[in-house]
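In case you want the letters, here they are:
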Amino acid sequence: MFKIFQRLWQVNWAEQWQYRANLIMYLLYWLVSPIIYLAVWTSIANSKGSVNGLTANDFTTYYMTLLIVDQITSNIVIHTFGYKIQDGTLAGELIRPIHPMLTNALVNNIAFKALTILGFIPIWIILFFLFKPDYGGVTLTGILLSIPAMILGFFISFLLSASITALAFWTTRVYSIHEFYYALVLLFSGQFVPLTLMPKVIQEIAQYLPFQLFLYYPVQLILGRLSSAQIVQGYGMGLIWLIVAITVFNLVWRNGVKRFSAVGA
Amino acid sequence: MNVSKLLAAFLKVNVQMAMAYRADTVVNILLNIMWLGWELLSLGIIFSNTDTIAGWKFGELIALLGVFRLVHTLMIALIWPNTEKFNQSIRDGSMDYTLLQPVNSMFLVTFSRITVWRAWDLFLAIILVVVGINMSNTIVSPLSIAIFILLTISGAIVIYSLWIVLIALTFWFTKFDNNVTILQALLDAGRYPVTVYPAWLRILVTFVIPIAVATTVPLQGLRGELSVGRAVLFMLIGAGSFLIASQVWKRGLKQYSGASS
């Protein structure tokens, strides 16, 4: 099994390395909106002293940390896998004795991340000197606690996106469905603003949804802004959603593959 | 050659293409409404925590959102589809046929694909501008409205010219497939007044990739923040950038050798 993953890694790393110029462009895309939100909220906090108890530095550290967490928990499976179902290339992968999504696509995603992180580190350092966040409140415990949370967040996000991608077995409009899903992520994950500044209703709902586990929860863990009760609740939610995501994915995938008949087959 | 006749023909072809995918068009419009809802909600969230951003009120940001969506529509409805076609034509050599036609090649390359249903987006954008201005009680005079309209047009021309320059670079560097990504990535910076941003970002989106010239500047004109001299200067920049862009395009064409030869 280990050997399979090792080989998959070599192949996928080489594949992603080919597109390194595109990766830089992708990085640029994905950096811009957190930086804009950072600028907007710090400007508001500076003019008022604080927003709802959050100072300008609280916003700076929030978005700077979010950039890192997002890099780890996000996935691109819809873009790398959706077309394989639609144009039938999946057929070739299905006859291999390994799961196309849970091995190949997963490793491909991780190789993609590893490469973007390489490009991201120098950019983050430059941003660090431009925005000068004060990370005084961060403890080692917080960082250690956040690592399993980020891994958990990544697997939940990967499995949910994989489930949506697998809807391509039924519909050609899977990209539109994914766009809708992305809007939910934007609303409930804390990408736009720390969830505590959201309307009460959204905060209440967000607690029980998986999306805050992608960004808000790990970020707050790193920054040490959660009580022990909140930390336990977050991990509890994470485990529940992991089980849900695994179940949903298996269900969608099994039924999908049964329906699948590739072009030319 | 009659430009308006040609444009009408392009529109007709593109309407026919859109009609072939009716259901997709409906889904796209629904998603579009969803994103508008999200944009308004996000402004609502910001203004539930503050009264102004860098001196701008809620209504003014709604109006800015309207102007931003004009530029955004330009991006999605014109720049994006035509760039895709252009890059393809450089790769497979079909650019040769475009050049053989007795029409200005720059016009042909930049207007042959139009995502027509986005016209609806322009309509929404204008509503946002009008509603936003009414909400904010900004005092507008006929002069400031005229300046606003002229600045919006010249801002759009600046973006259009930058686009021409970016795709013309493909003539020199054939493998330059990402030619408009930088423009698209930085576009989001147009949602908020640039005065909010730290100096380096402000300089980047004002002078290097001048998104702000098409979004913040027209509204500054409307709010009466720009002297008439400044406003005229921005309009001249619009005209100047178009002249430069068409020169770059002409030079680029001379570099083009065709993929088949």
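Peer 1: A description of the overall build of chain B should follow, citing residues and the corresponding values.
Peer 2: Looking only at helices and strands, chain B has 12 helices and zero strands in total. From first element to last, N terminus to C terminus, chain B shows the α and β order α-α-α-α-α-α-α-α-α-α-α-α. Its C-alpha atoms give chain B a radius of gyration of 19 Å, within 12% of the compact-globule value 18 Å for 261 residues. Oriented by its inertia axes, the alpha-carbon framework of chain B measures out at about 60 × 45 × 35 Å. Across chain B, the fraction of contacts at a sequence separation of at least 24, relative to all contacts at a separation of at least 6, is 80%.

Peer 1: Let's hear about unusual backbone geometry: which residues, and what values?
Peer 2: Even without being a glycine, N52(A) presents a positive backbone phi close to 55°. For N52(A), a count of 13 C-beta atoms within 10 Å corresponds to the partly exposed category. Phi angles above zero are rare outside glycine, and A54(B) is one such case at about 45°. Among the structural elements, A54(B) can be located in the loop between α2 (22-49) and α3 (58-92).

Peer 1: Break down the interface of chain A and chain B for me, citing the residues and quoting the values.
Peer 2: Counting residues at the interface gives 26 residues for chain A, matched by 24 residues for chain B. Counting residues per element, the ones that place at least two in the side of chain A that touches chain B are α2 (20-48) and α8 (174-188) of chain A.

Peer 1: Outline the environment of L183(B), supporting the account with residue identities and numerical values.
Peer 2: All names here are of chain B. As for its placement among the helices and strands, L183 is situated in helix α8 (residues 181-187). With 18 C-beta atoms counted inside 10 Å, the residue L183 sits in the partly exposed group. Contact partners of L183, with chain neighbours within four places excluded, come to L162, W163, L166 and I209.

Peer 1: I'd like a description of the packing of α8(A) against α2(B), backed by residues and values.
Peer 2: Where α8(A) meets α2(B), the closest approach of the two axes is 11 Å, and the angle between their N-to-C directions is 10°. Taken as axis vectors, α8(A) and α2(B) run roughly parallel relative to one another. From α8(A), S176(A), E179(A), F180(A), A183(A) and L186(A) reach across to α2(B), where they touch V27(B), L31(B), M34(B) and W38(B). Of the residues contributing to the contact of α8(A) with α2(B), the split by class is seven nonpolar, one polar and one charged.

Peer 1: Tell me about α3(B), residues and numbers included.
Peer 2: For an α-helix, the turn length of 3.6 residues means that residues three or four places apart are oriented alike. With 35 residues, α3(B) extends 49 Å from end C-alpha to end C-alpha; this agrees with the ideal 51 Å at 1.5 Å per step. Where α3(B) bends most, the angle comes to about 35°, and this point is I79(B), followed within four residues by the proline P81(B).

Peer 1: Requested: an account of the confidence of the model for chain B, with residues and values cited.
Peer 2: For chain B, the average pLDDT comes to 87, and 97% of its residues sit at 70 or higher. Under the prediction, the complex receives an ipTM of 0.87, its pTM being 0.89.

Peer 1: Break down the environment of S48(B) for me, with residues and values.
Peer 2: Residues and elements named next belong to chain B. As for its placement among the helices and strands, S48 is situated in helix α2. Looking at S48, the number of C-beta atoms within 10 Å reads 12, which means it is exposed. Placed 10 residues apart in sequence, S48 and F58 show a C-alpha to C-alpha distance of 9.9 Å.

Peer 1: So what about the packing of helix α1 (residues 2-18) of chain A against helix α6 (residues 100-131) of chain A? Which residues, and what values?
Peer 2: All names here are of chain A. The contact between α1 and α6 brings their axes to 8 Å, and the two run at 50°. One finds that α1 runs oblique with respect to α6. Crossing hand, α1 versus α6: right-handed. Two secondary-structure elements touch here, α1 through I4, F5, L8, W9, N12, W13, Q16 and W17 and α6 through T103, N104, V107, N108, A111, F112 and L115. Among the residues forming the contact of α1 with α6, the class breakdown is 10 nonpolar, five polar and no charged.

The rules we used
Residues numbered from 1 in each chain as written. Chains lettered and ligands numbered in written order. Predicted model: local features only at pLDDT ≥ 70, side-chain atom pairs only at ≥ 80, totals over all residues. Helix = DSSP H or I, 4+ residues; strand = E, 2+ residues; numbered from the N terminus. Rg over C-alpha atoms; globule rule 2.2 N^0.38 Å. Contact = placed C-beta atoms within 7 Å. Buried ≥ 20, exposed ≤ 12 C-beta atoms within 10 Å, placed from the backbone. Axes fitted to C-alpha atoms, helices over the stretch in contact; angles between N-to-C directions. Parallel < 35°, antiparallel > 145°, perpendicular 65-115°, else oblique. Nonpolar A, V, L, I, M, F, W, Y, C, P; charged D, E, K, R; others polar. Expected span 1.5 Å × (residues − 1). Bend = angle between axes of the 7 residues up to and from the residue. pLDDT = per-residue confidence, 0-100. Left-handed = near helix turned anticlockwise from the far one by under 90°.

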